[in-house]
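# Fold and geometry: a report
Each chain, written out:
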Amino acid sequence: MKQLYPQSITKVLPKLIKAICLSATTFIALSASAQSLNFSTYKLINGGEGQKGAEYRFDNVLSDANGNSIADCIVRIDEISAGVQLKSIDNDKNNDVAFQPVIEHMNTIGPSWIQFNFSFVPHSGNRNADGMFELPLLAASIYGLNGFDKAQEFAECDLGINSQIIYETEINNLMVTRNGNSFRAENKWGFQTNKITSGIFNEKFSLLNQQVTGLKVKFGVNRKAQTWSGVSTYNLALSKSAPDLTASHPAPDLTADADHQNNFISVDKNNVKVSGNSNNRTTVPSEQRRQIEMQISSKIVIEKLSIHLPQDWTGKEVVFELYNDNGEIIQKVIEHKSSIIEILDMKPLAAGSYVIMASCGKEFAMQYVIHTEQL
């Protein structure tokens, strides 16, 4: 049984939700002037090549509008597990500006990995307590994680507190989880993505944060039972602005989920089933709630939006709330027995940015979307 609540302009979101709407608009605006950080030229400045504590300085990672260098990046090997060897700090055979370390795993078992620390510094100076270079906005994009027959590549990225995740492509083979400030992605289903030319298989996601002076990234392979040997090239693209969300990934094929196509129903004031006052519904206190990740089919939507709920929410009561960019709640739906995929009909809504909040028990998740009109 589903309960639908009518539109309301009297209930206003907390400042946090309004800030997320503003951030979404800011990310879209900044994406028009995207500039990738260039990790092409480097030199070893401290420690032994490929050893823990080694530091590499990448020159001219960021330039101004006139082409003048303004920032470098120092990459340090923080940790490296037994049986792992750094063959190259950056792939010499690829002219890509992304950071692409080449790593060999030699008869490792369990998770084997290497962790890098990135620090941005002014181009003209050395790193010191007062000499860090701050990026107003940074996007860290990870792509090309492979799943082998006996092992799965993974990547963990920590972009600091308040970082957000955006899925730039459809995510089918990666399991993405969060632990504190760090997001971890692991290829679980065996596709060797770098051997497939079709972009839909080259799954990509980005972390976004503001006022960034550095980040941490861990690359590795997870082999649970037997030993693993192989060479992996990882891909980390950094940009001083958000990805272009107008090229968002396509919605998944929902043919097999036809029964769930109408789980979300547009509010009709003449035919609304309401059970009690929505403002009086018992909720879990905010300090006892835990935020988790929730995937959606696309950041840009015209008609229908697919919401992929966490697996353990299936069959439970889930509350969906849709807010506009003024922080006003415009639609509320209570699904008493939720499915793994729920569909939101966005076509009747005005064009603009929206925040979707879903909650189940003590957990909640949030995503923002941009609704555009049909051309």
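Everything discussed here concerns the structure shown above.
One structure accompanies this document, and this report is about it. Each residue is numbered by its place in its chain's sequence as written, counting from 1. Totals for whole chains, interfaces and linings use all residues, but because this is a predicted model, local features are given only for residues with pLDDT of at least 70 and pairs of side-chain atoms are given and counted only at 80 or more. Side-chain calculation: all heavy atoms of the structure are included, whereas hydrogens and water are not.

The subject of this paragraph is unusual backbone geometry. Notably, Asn107 is not glycine yet its phi reads approximately 55 degrees, a positive angle. By the element assignment, Asn107 lies in strand β6 (residues 102–122). Overall, the relative accessible area of 56% leaves Asn107 in the exposed class. You will see that Gln211, though not glycine, has its phi angle at about 50 degrees, which is positive. Relative to the assigned elements, Gln211 resides in strand β12 (residues 204–212). Runs of E in the DSSP output that reach at least two residues are strands. Runs of H or I that reach at least four are helices, and both are numbered from the N terminus. Residue exposure (1.4 Å probe, protein chains only): buried if accessible area is under 20% of the type maximum, exposed if over 50%, otherwise partly exposed.

Here we take up the packing of aromatic side chains. For Phe, Tyr and Trp, rings pair up if their centres lie within 6.5 Å, where Trp contributes its six-membered ring, and each pair is then called stacked (planes under 30 degrees apart), edge-to-face (over 60) or tilted (otherwise). Inspection of every chain in the model, using the stated rule, returns ten aromatic pairs. Between Phe99 and Phe118, the ring centres sit 5.0 Å apart and the planes meet at 85 degrees, which makes this aromatic pair edge-to-face. With a gap of 19 residues between them, Phe99 in the loop between β5 (84–88) and β6 and Phe118 in strand β6 connect regions that are remote in the sequence. The same class applies to Phe99 and to Phe118, which are both buried. Among the aromatic residues, those joined into a cluster by ring pairs are Phe39, Tyr42, Tyr56, Phe58, Phe99, Phe116, Phe118, Phe219 and Tyr234. Whether a charge sits over a ring comes down to the Lys NZ or Arg CZ being within 6 Å of the ring centre and within 35 degrees of the ring normal. A cation over a ring is seen here: Arg184 above Phe154, with NZ or CZ 4.0 Å from the ring centre. A cation over a ring is seen here: Lys218 above Trp113, with NZ or CZ 4.1 Å from the ring centre.

Function-wise, these values are silent; they only describe arrangement.
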